[in-house]
Amino acid sequence: MNNRNMKLLLSLSVIGAVALAGCAKEGTGGNAGGAPEPAAAKAAETTPVTLKFAVHLPINDEFKKLYIEPVTKKYPHIAFEFFEASNFKAYDQLIVSGEVPDLYISFNGNMPGLKDRAINMDMKPLLLNNKVDLNRFEPNFLDDIQYAVTEKGELYGLPIETAFHALYYNKDIFDKFGVPYPKDGMTMEEALELTRKVTRNENGVQYRGWDFGSIVRMAQPLGLVYIDPKIEKAITSSDSWRRVFELGKQIYSIPGNEPSKDSKMNGLSGFTKNRTIAMLNETSKFSQLKEAEKDGLNWDVVQHPFYADRPNIYGNSTVYMIGAVPTTKHMDQVLQVMEVLTSDEVQMNVSKSGRISPLKNAAVKKAFGQGDPVLQGKNVAGIVKGSPVKYPVYLYREIAEPLTNKKFTDFMNRSDDAYTVLRELDHEINQALETQK
């Protein structure tokens with residue numbers, strides 16, 4: 001029995017009795033075909049209730065202002081008990097302790113793990129029965145949720161915001177060396193050439209031109225996966241993975257641009273605190289950058305670089321979504337929360353705050369970043385010139401991804417060709433899968 005099945009059995013053993021007891025209660029009834037039906041007794045919708053809410057996003061003041069205050073204003077009978085759930089371990093602890101949530105916010109990449117734990121459910125029949133207009137949402141974001149686990153198209157919830165990928169840059173470093181700023185529409189190769197111009201050692205300080213974070217992030221715009229889901233075997237020894245490994249090595253082989261042995265000098269920390277990194281490709285990091293700007297960071301942003309044969313495509317769109325846990329006894333209230341969080345009013349504020357809204361609404365799109373004074377004058381419009389790749393169906397990502405990052409580090413320190421290293425990676429992933437099974 002593999003680990004995923006063991007987790008599923010653990011989930012079912014702990015919450016199965018709750019599911020059986022609650023399936024005929026408020027708002028969780030089902031028809032003969034298994035599709036939930038809308039609650040008949042609408043009076044229950046105003047019954048005071050406290051919903052257990054597992055949330056992957058930071059539960060800070062900004063989150064509460066954007067998402068929670070509008071709910072309690074419109075539906076004062078709904079209160080929340082929050083649980084931070086940014087990893088599967090948190091869900092396992094909730095399940096074992098009997099604190100199974102009523103609803104959750106997570107992201108599409110977590111849907112396979114949540115399915116293993118019986119936390120999510122196909123909500124499409126329930127949403128359609130309640131006349132939720134799915135045409136309000138951009139279809140690619142719904143697809144990213146629907147096909148995160150299988151190709152059957154189950155809809156595990158509704159999107160509320162999506163992370164973007166962008167290229168941030170330190171204007172002071174470019175000014176220091178008299179190099180033109182990055183621009184929207186750059187290919188990976190153009191960003192590589194720009195890196196050469198701003199990777200310098202000045203008065204004993206090493207400035208790195210480009211930190212791309214991890215090799216798996218560089219692979220995302222090509223839609224690459226590690227394991228073939230049909231045969232459950234590694235497929236990293238491909239031309240596409242070779243292309244990514246070789247590009248990554250080119251970037252980090254520029255003298256002075258290799259990652260520091262001190263992790264604090266790399267990535268977001270190196271960009272915001274040490275300020276020795278000229279360009280950083282990352283996901284949505286406005287909150288950290290705004291804090292760093294208070295301490296003098298002079299930054300701006302452009303469209304994420306792309307591969308020439310995949311124009312204007314960046315990496316995986318992390319689609320944050322809200323969904324119901326199938327054992328909840330308060331499905332009506334969960335649907336009310338989902339209604340508010342996906343409303344035009346809330347989504348307008350989401351967009352103004354510098355988060356990508358999943359709605360088609362043109363006014364909402366246009367408002368991106370306009371509600372934050374710190375973002376005024378920044379090239380936030382460049383971010384939305386790119387589009388996310390179709391989210392791949394990852395199998396055993398928690399096993400394959402760390403091995404891939406480790407193997408790239410190994411590749412950086414070896415003279416072997418990329419094919420040799422990637423064949424080794426295939427073997428290591430397959431061995432890990434056998435151990436897992």
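Values in this document were obtained by computation on a predicted structure and should not be read as measured data. Residue positions are given per chain, counting from 1 as you read along its sequence in written order. Given that this is a predicted model, residues contribute local features only at a pLDDT of at least 70 and side-chain atom pairs are listed and counted only at 80 or more, while totals for whole chains, interfaces and linings are drawn from all residues. Excluded from the side-chain calculations are hydrogens and water; all other atoms, namely the structure's heavy atoms, are used.

Asker: Whenever I open this one, the overall build of the chain confuses me. Can you help?
Answerer: Each helix and strand counted, the chain has 17 helices and 14 strands in total. Per-residue burial over the chain gives 53% buried out of 437 residues. For the chain, the share of sequence-separated contacts (at least 6 apart) that also reach a separation of at least 24 residues comes to 74%. Strands are runs of DSSP state E lasting at least two residues, helices are runs of H or I lasting at least four, and both sets are numbered from the N terminus onward. Exposure categories follow from relative accessible area, calculated using a 1.4 Å probe and restricted to protein chains: below 20% of the type maximum is buried, above 50% is exposed, and the middle band is partly exposed. For this analysis, residues touch if any pair of their heavy atoms sits within 4.5 Å.

Asker: Please explain the packing of aromatic side chains as it appears in this structure.
Answerer: We describe a pair of aromatic rings using the distance from one ring centre to the other and the angle between the two ring planes. Whether two aromatic rings pair depends on their centres lying within 6.5 Å, for rings of Phe, Tyr and Trp, where Trp uses its six-membered ring; planes under 30 degrees apart make the pair stacked, over 60 edge-to-face, and the rest tilted. All chains considered together, the criterion is met by 24 aromatic pairs. With a centroid separation of 6.2 Å and an interplanar angle of 65°, the aromatic rings of Phe107 and Tyr320 are classed as edge-to-face. Of this pair, Phe107 sits in strand 3 (residues 103-107) while Tyr320 sits in strand 13 (residues 319-324), and the two are 213 residues apart along the sequence. The residues Phe107 and Tyr320 share a single accessibility class, namely buried. Aromatic side chains Phe408 and Phe411 sit 6.5 Å apart centroid to centroid with 50° between the ring planes, which places their arrangement in the tilted category.

Asker: Sorry if this is basic, but what is going on with the sheet that holds strand 3 here?
Answerer: Through backbone hydrogen bonds, the strands of a sheet pair up, either in parallel or in antiparallel fashion. The mixed open sheet is built from five strands, whose spatial order is 2-1-3-13-4. Looking along the sheet, the strands with just one partner apiece sit at the ends: strand 2 (78-84) and strand 4 (158-162). Adjacent strand axes in the sheet meet at a mean angle of 25°, parallel and antiparallel pairs treated alike. Structural elements are reduced to axes, namely lines fitted to C-alpha atoms, with helices fitted over the stretch in contact, and the angle between N-to-C directions of any two is expressed from 0 to 180 degrees. Across the sheet, helix 2 (residues 61-74) lies against strand 1 (49-55), strand 2, strand 3 and strand 4, angled at about 150° from strand 2, the strand it touches most. Lying over the sheet, helix 3 (residues 88-97) contacts strand 1, strand 2 and strand 3, oriented at roughly 160° with respect to strand 3. The pairing criterion for strands is at least two bridges between them, as found by DSSP.

Asker: Sorry if this is basic, but what is going on with the pairing of strand 13 here?
Answerer: For a regular strand, the rule is simple: side chains alternate between the two faces of the sheet. Within strand 13, six of the six residues are buried, which leaves the element mostly enclosed by the surrounding structure. Covered by surrounding structure in strand 13 are Val319, Met321 and Gly323 together with Tyr320, Ile322 and Ala324, the residues of both alternating faces. Strand direction decides the pairing type here: strand 4 and strand 13, joined by four bridges, are antiparallel. Bridged to Thr162 within strand 13 is Val319.

Asker: I tried to follow the environment of Arg196 on my own but got confused; where do I start?
Answerer: The topology assignment puts Arg196 in helix 8 (residues 188-198). For Arg196, a relative accessible area of 39% puts it in the partly exposed group. Measuring from C-alpha to C-alpha, the distance between Arg196 and Gly256 comes to 9.6 Å, with 60 residues separating the pair along the chain. Leaving out residues up to four positions away in the same chain, Arg196 has contacts with Gln250 and Ile254. What qualifies as a polar contact is a pair of N or O atoms within 3.5 Å, subject to a donor-acceptor requirement within protein and to the restriction that residues adjacent in sequence count only when both atoms come from side chains. Reaching out from Arg196, the side chain makes a polar contact with the side chain of Glu193 at a distance of 3.2 Å.

Asker: What is the right way to read the packing of helix 2 against helix 13 (residues 331-341) from this model?
Answerer: When two helices pack together, their arrangement is given by the angle between their axes and by how far apart the axes lie. Where helix 2 meets helix 13, the closest approach of the two axes is 9 Å, and the angle between their N-to-C directions is 120°. Considered as vectors, helix 2 and helix 13 are oriented oblique to each other. The two elements helix 2 and helix 13 meet at a crossing, and its hand is right-handed. Every residue of helix 13 that contacts helix 2 at Tyr67, Pro70, Val71 and Lys74 is listed here: Val337, Glu339, Val340 and Leu341. Of the residues belonging to the contact of helix 2 with helix 13, the class tally is six nonpolar, no polar and two charged. Roughly parallel here means an angle under 35 degrees, roughly antiparallel means over 145, roughly perpendicular means 65 to 115, and every remaining angle is called oblique. Here is the rule for handedness: rotate from the far helix to the near one, and if that takes an anticlockwise turn smaller than a right angle the crossing is left-handed, while a clockwise turn gives right-handed. Three residue categories are used. Nonpolar comprises Ala, Val, Leu, Ile, Met, Phe, Trp, Tyr, Cys and Pro, charged comprises Asp, Glu, Lys and Arg, and polar comprises the others, including Gly.

Asker: How should helix 14 (residues 344-352) be read in this particular structure?
Answerer: Side chains of residues three or four places apart in an α-helix project in the same direction, reflecting 3.6 residues per turn. Of all the residues in helix 14, the buried ones are Val346, Gln347, Val350 and Ser351. The arc enclosing the buried residues of helix 14, seen along the axis, measures out at 140°, which places them on a common side. Packing partners of the buried residues in helix 14 comprise helix 2, strand 4, helix 13 and helix 15 (362-366). The first or second residue beyond helix 14 is Gly354, which carries a positive phi of 95°. Comment: arc refers to directions from the helix axis out to C-beta atoms.

Asker: Help me understand helix 11 (residues 267-274), please; the structure alone is not making it clear to me.
Answerer: Turning to helix 11, its buried residues number three or more, namely Gly267, Leu268, Gly270, Phe271 and Thr272. For helix 11, the secondary structure elements touched by its buried residues are strand 5 (166-170), strand 7 (205-211), strand 10 (277-282), helix 12 (286-294) and strand 11 (299-303).

Asker: Whenever I open this one, the side chain of Lys249 confuses me. Can you help?
Answerer: Mapped onto the elements of the fold, Lys249 is located in helix 10 (residues 239-252). Just so you know, the count uses Lys and Arg for positive and Asp and Glu for negative, and it drops His and the chain ends. For this analysis, a salt bridge means a side-chain nitrogen from Lys or Arg found within 4 Å of a carboxyl oxygen belonging to Asp or Glu. Buried and unpaired, Lys249 has no salt bridge, with Asp416 as the nearest side chain of opposite charge at 8.0 Å. In contact with Lys249, not counting residues within four places along its chain, are Phe408, Phe411, Met412 and Arg414.

Asker: For this particular structure, what's the right way to read the sheet that holds strand 11?
Answerer: Taken together, the five strands give an open sheet; going across it, the order is 6-7-10-5-11, and neighbouring strands pair in mixed fashion. Taken across any chain shown, the strands that pair with only one partner, and hence form the sheet edges, are strand 6 (200-202) and strand 11. Recorded for the sheet is a direction-independent mean angle of 25° between the axes of neighbouring strands. Its contacts with the sheet put helix 11 on strand 5, strand 7, strand 10 and strand 11, and the angle it makes with strand 10 is roughly 140°.

Asker: I would appreciate a short explanation of the pattern of salt bridges in the present structure.
Answerer: Any two side chains of opposite charge can pair, given that their charged atoms come close. Evaluation of the coordinates by the stated rule reveals 23 salt bridges. Measuring nitrogen to oxygen at the nearest pair gives 2.8 Å for the salt bridge that ties Glu424 to Arg414. A residue pair is termed long-range when its members are at least 10 positions apart, and Glu424 in helix 17 (residues 418-436) and Arg414 in the loop between helix 16 (397-412) and helix 17 qualify at 10 residues. Its relative accessible area of 28% is what places Glu424 among the partly exposed residues. Each of the salt bridges in this network shares a partner with another, and the network as a whole consists of Lys407, Asp410, Arg414, Asp416, Glu424 and Glu428.

Honestly, that's just the spatial picture; any functional story needs more than this.
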